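# Structural description and commentary
Here is how the chains run, residue by residue.
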Amino acid sequence: MTPAADMLSSQRAVRWYPPSYNIRVETLPIPEIEQPDDAIIKVQLAGLCGSDLHMYRGTAGLTEPCIMGHEFIGEVVALGASFHSGSTGRPSLYSTLRVGDKVVSPFTVSCGECHFCRVGFTCRCAESRLFGTPMTPGGQAQYVRVCRAGGTLYSLKDIPDGSLLADSSLLLLCDILPTGVFAAFQALSHAKTLPFITRQPYPLSTSLSQAGDVSFLPFLEEDKSLTMAVIGLGPVGVCTCIALLDMLVTRKLKFNVIAIDPNEARRAKMVSIYSIISDNQPFGEFQVADTSNVKDLVAKLTKGVGCNAVIEVVGNTSALRLAYELVRPFGCINSVGVHSDHAVPYKGVELYDKNVSLDFGRCPVRAMFPMALELLLKRQDVLGSVGGETSLVERVAGFDDAVQIYDDFDKGKCGKDIV
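Every chain is numbered on its own, with residues counted from 1 as its sequence reads. In view of the model being predicted, local features appear only for residues whose pLDDT reaches at least 70, and side-chain atom pairs are presented and counted only at 80 or more, with totals across whole chains, interfaces and linings using the full set of residues. Only heavy atoms go into the side-chain values, all of them from the structure, while hydrogens and water stay out.

Attention now moves to the overall build of the protein. On a plain count of helices and strands, the protein comes out with 15 helices and 16 strands. Along the longest, intermediate and shortest principal axes, the C-alpha atoms of the protein span 75 × 50 × 45 Å. Residue burial in the protein is summarised as follows: out of 419 residues, 52% are buried. Whether two residues touch is decided by their heavy atoms; if any such pair falls within 4.5 Å, the residues are in contact. In the protein, the proportion of contacts linking residues at least 24 apart, taken out of those at least 6 apart, comes to 72%. In this count, Lys and Arg are taken as positive residues and Asp and Glu as negative ones, while His and the chain termini are left out. Charge positions come from single atoms, namely NZ of Lys, CZ of Arg, CG of Asp or CD of Glu. Distance between charge centres in the protein, computed from 38 positive and 44 negative side chains, equals 3 Å. Numbered from the N terminus, helices here are DSSP runs of H or I no shorter than four residues, and strands are runs of E no shorter than two. Categorising residues by exposure relies on relative accessible area from a 1.4 Å probe, with only protein chains included: less than 20% of the type maximum marks a residue as buried, more than 50% marks it as exposed, and the intermediate range marks it as partly exposed.

Encoded structure:
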């Protein structure tokens with residue numbers, strides 16, 4: 001299929017130049033269909049994410065200029081030859097996607113057909129590519145080419161109650177909301193967390209074990225409560241807290257959740273958000289803490305035992321170290337922060353002596369879409385607004401503001417912005 005007739009020959013795009021801190025808004029050619037599985041998307045909104053700062057600061061190891069942005073939603077304006085109603089044996093979008101459809105994209109390409117995609121580990125697709133890199137230009141532009149589009153894109157035309165979703169909130173589906181849902185899901189699904197959910201001792205708490213030791217004493221009340229911490233209250237951390245609390249309350253689990261950040265403004269925003277989403281639930285407690293006092297708080301809450309699980313959303317070694325210091329023996333640390341090449345700040349003997357499990361890596365966004373979408377529909381009260389005290393998206397700007405936005409974001413002067 002050829003591009004729509006109203007497409008121009010050039011576009012504006014936000015481009016990064018090495019080695020660092022060099023953002024330019026340029027006029028560039030509009031991308032074209034190159035492979036049969038391609039789609040061209042007219043971008044409606046694109047987001048600025050904390051992981052974009054790795055590129056901006058020059059710590060991503062890239063040496064070529066690139067169009068920035070791995071979060072975007074938009075309209076299909078051109079499709080490759082693979083997209084037709086007679087397509088069979090391939091991801092369903094190859095037979096159903098049409099020019100004019102509205103779509104949201106994960107931050108990575110996924111073919112939908114390899115081993116990793118078939119089992120749901122879409123972020124590790126054999127052909128995985130990250131948008132906003134030299135190899136795969138990003139969405140902070142008027143148009144973007146999506147390769148392997150039938151396995152990558154998510155069509156919004158069939159979403160129940162989709163008209164209730166603000167466009168700005170749809171952008172959260174590209175990365176931060178699925179990542180928050182993924183982080184919470186991983187922590188609550190871990191074998192070391194399950195005894196506190198099933199109220200059965202390990203390993204009977206797992207579905208793999210059919211036999212348990214009847215000599216164990218019954219659980220005390222303190223054994224029936226989960227204590228969990230989330231380190232980092234940027235947009236992904238806030239989404240993690242929203243997802244985690246929703247999962248805990250839905251399951252009627254007893255809990256203490258501690259949300260941690262050294263930034264006072266971020267802590268205040270999280271408190272305001274919780275005042276909306278708490279719904280006066282009777283099952284647990286939620287507290288926001290500074291890094292300076294959280295160790296004492298966790299010790300008091302758990303009688304010195306520590307957290308069952310700690311979710312690290314920052315992406316630096318000090319946050320990882322704090323996670324270790326907060327987690328209890330036989331606990332788990334789940335890190336979704338984007339880390340550099342610094343060594344993990346643990347000695348092997350520390351991990352061994354505490355029986356700590358480590359879980360690292362990026363979210364398989366394409367696989368997490370249904371869970372994230374369900375939460376997005378449920379929590380439009382905080383996820384659907386822009387610029388308010390409890391809004392994740394602080395402002396919608398234009399390309400002319402891109403240079404200043406990156407500078408402000410780098411210096412912590414703004415949060416989630418979109419263009």
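Now that the structure has been shown, the text picks up again.
Right, let's talk about the layout of surface pockets for a bit. To locate leftover empty space, one rolls a probe as large as a water molecule over the atoms. Grid spacing is 1 Å over the protein atoms alone, the probe is 1.4 Å, and a cavity is where that probe fits but cannot get out, while a pocket is an open set with protein on both sides within 12 Å along at least five of seven lines and lining residues have an atom within 4 Å of a point. Grid points are joined across faces, edges and corners, and a volume is the space filled by probe spheres set on the points. Each pocket or cavity is described by its volume, and for the second largest pocket that value is around 540 Å³. Phe196, Glu222, Asp223, Ser225 and Arg328 are, among the 21 residues lining the second largest pocket, the residues nearest its centre. Elements with a contribution of two residues or more to the lining of the second largest pocket: helix H7 (195-198), strand S9 (225-231), strand S10 (254-260), strand S11 (284-289), helix H10 (294-302) and strand S13 (327-335). In terms of residues, the lining of the second largest pocket owes the most to one element, S13, which gives three residues. Taken together, the residues of the lining of the second largest pocket break down into eight nonpolar, seven polar and six charged. Polar here means any residue outside two lists: the nonpolar Ala, Val, Leu, Ile, Met, Phe, Trp, Tyr, Cys and Pro, and the charged Asp, Glu, Lys and Arg; Gly therefore counts as polar.

So, on to empty space enclosed by the protein. Taken as a whole and judged by the stated rule, the model has one cavity of 30 Å³ or more. Computed from the structure, the largest cavity encloses a volume of approximately 70 Å³. If you trace the largest cavity, you find it lined by Val14, Ala46, Gly47, Leu48, Gln140, Ala402, Ile405, Tyr406, Asp417, Ile418 and Val419. For the lining of the largest cavity, the secondary structure elements donating two or more residues are helix H15 (402-410) and strand S16 (416-418). Sort the elements by how many residues they give to the lining of the largest cavity and H15 lands first, with three residues. Each residue belonging to the lining of the largest cavity can be placed in one class, and the counts come to eight nonpolar, two polar and one charged.

By definition, two strands form a pair when at least two bridges between them are found by DSSP. Pairing within the open sheet is antiparallel, and its five strands lie in the order S7-S3-S5-S6-S8. Both outer strands of the open sheet, strand S7 (143-146) and strand S8 (154-155), are each paired with one neighbouring strand and no more. Bridge analysis of strand S3 (residues 39-46) against S7 gives four bridges, and the strand direction is antiparallel. Looking at S7, one finds that Ile41 is bridged to Val144.

Our next topic: a nonpolar patch on the surface. The patches reported here contain residues having more than 30% relative accessible area and no salt bridge. Joining distances are 9 Å for like charges and 5 Å for nonpolar side chains (Val, Leu, Ile, Met, Phe, Trp, Tyr). Areas reported here follow the Shrake-Rupley algorithm with a probe of radius 1.4 Å; residue values treat only the protein chains shown as occluding. Throughout this description, the term salt bridge denotes a Lys or Arg side-chain nitrogen within 4 Å of a carboxyl oxygen of Asp or Glu. On the surface, Phe116, Val119 and Phe121 cluster together to form a nonpolar patch covering roughly 280 Å² of accessible area. One can find Phe116 in helix H3 (residues 115-118). Residue Phe116 is classed as partly exposed on the basis of its relative accessible area, which comes to 35%.

Attention now moves to the packing of H10 against helix H11 (residues 317-326). Fitting a line to C-alpha atoms yields each axis, with helices limited to the stretch in contact; the angle taken between N-to-C directions then spans 0 to 180 degrees. It is at 10 Å that the axes of H10 and H11 come closest, and there the two elements cross at 25°. By the criterion of interaxial angle, the relationship of H10 to H11 is roughly parallel. In the packing of H10 onto H11, the handedness of the crossing is right-handed. Contacts from Val294, Lys295 and Val298 in H10 reach Leu322, Glu325 and Leu326 in H11. When the residues that make up the contact of H10 with H11 are grouped by side-chain class, the tally is four nonpolar, no polar and two charged. By definition in this entry, angles of less than 35 degrees are roughly parallel, angles greater than 145 are roughly antiparallel, angles of 65 to 115 are roughly perpendicular, and the rest are oblique. Each helix crossing is assigned a hand: it is left-handed if the near helix lies turned anticlockwise from the far helix by less than a right angle, otherwise right-handed if that turn is clockwise.

With that settled, consider the pairing of S10. Across the seven residues that make up S10, a large majority, six, are buried. Bridge analysis of S9 against S10 gives seven bridges, and the strand direction is parallel. Residue pairing for S10: Ile231 is matched across the bridge by Ile260. Orient the strands so they point away from the viewer; a crossover is then right-handed if the path from the first strand over the helix to the second runs clockwise. Each parallel crossover has a hand, and the one from S9 via helix H8 (residues 235-250) to S10 is right-handed.

The residue Ala323 is located in helix H11 in this model. For the pair formed by Ala323 and Val146, sequence separation is 177 residues and the distance between their alpha carbons is 37 Å. Discounting residues that sit within four places of it in the chain, Ala323 has contacts with Ile231, Val310, Ile333 and Tyr346.

Further remarks concern the nonpolar core. By nonpolar core we mean a set of buried residues, namely Ala, Val, Leu, Ile, Met, Phe, Trp, Tyr and Cys, connected to one another through side-chain atoms within 4.5 Å. Leu173, Leu177 and Leu244 are the most contacted members of the largest nonpolar core, which has 63 residues in total. Elements with a minimum of two residues in this core: helix H6 (176-189), S9, H8, S10, helix H9 (264-277), strand S12 (307-312), helix H13 (365-378) and helix H14 (380-383). Per element, the largest residue contribution to this core is ten residues, and it comes from H8. Residues contacting Leu177, with those up to four places away along its chain left out, are Leu172, Cys239, Ala372, Leu375, Leu376 and Leu383. Formed by 20 residues, the second largest nonpolar core is a distinct cluster that contains Ile231, Ala319, Leu320 and Leu326.

Further remarks concern unusual backbone geometry. Residues apart from glycine generally show negative phi values, whereas peptide bonds are mostly found in trans. A cis amide bond links Pro18 with the next residue in sequence, Pro19, at an omega value of 5°. Within the secondary structure, Pro19 sits in the loop between strand S1 (10-16) and strand S2 (23-29). Here the bond from Tyr202 into Pro203 is cis, since omega is 5°, no more than 30 degrees from zero. With respect to the secondary-structure elements, Pro203 resides in the loop between H7 and S9. At Arg148, a residue that is not glycine, the phi angle is positive and equals roughly 50°. Tracing the chain through its elements places Arg148 in the loop between S7 and helix H4 (149-152). The phi torsion at Phe330 lies on the positive side, around 65°, for a residue other than glycine. Topologically, Phe330 is positioned in strand S13.

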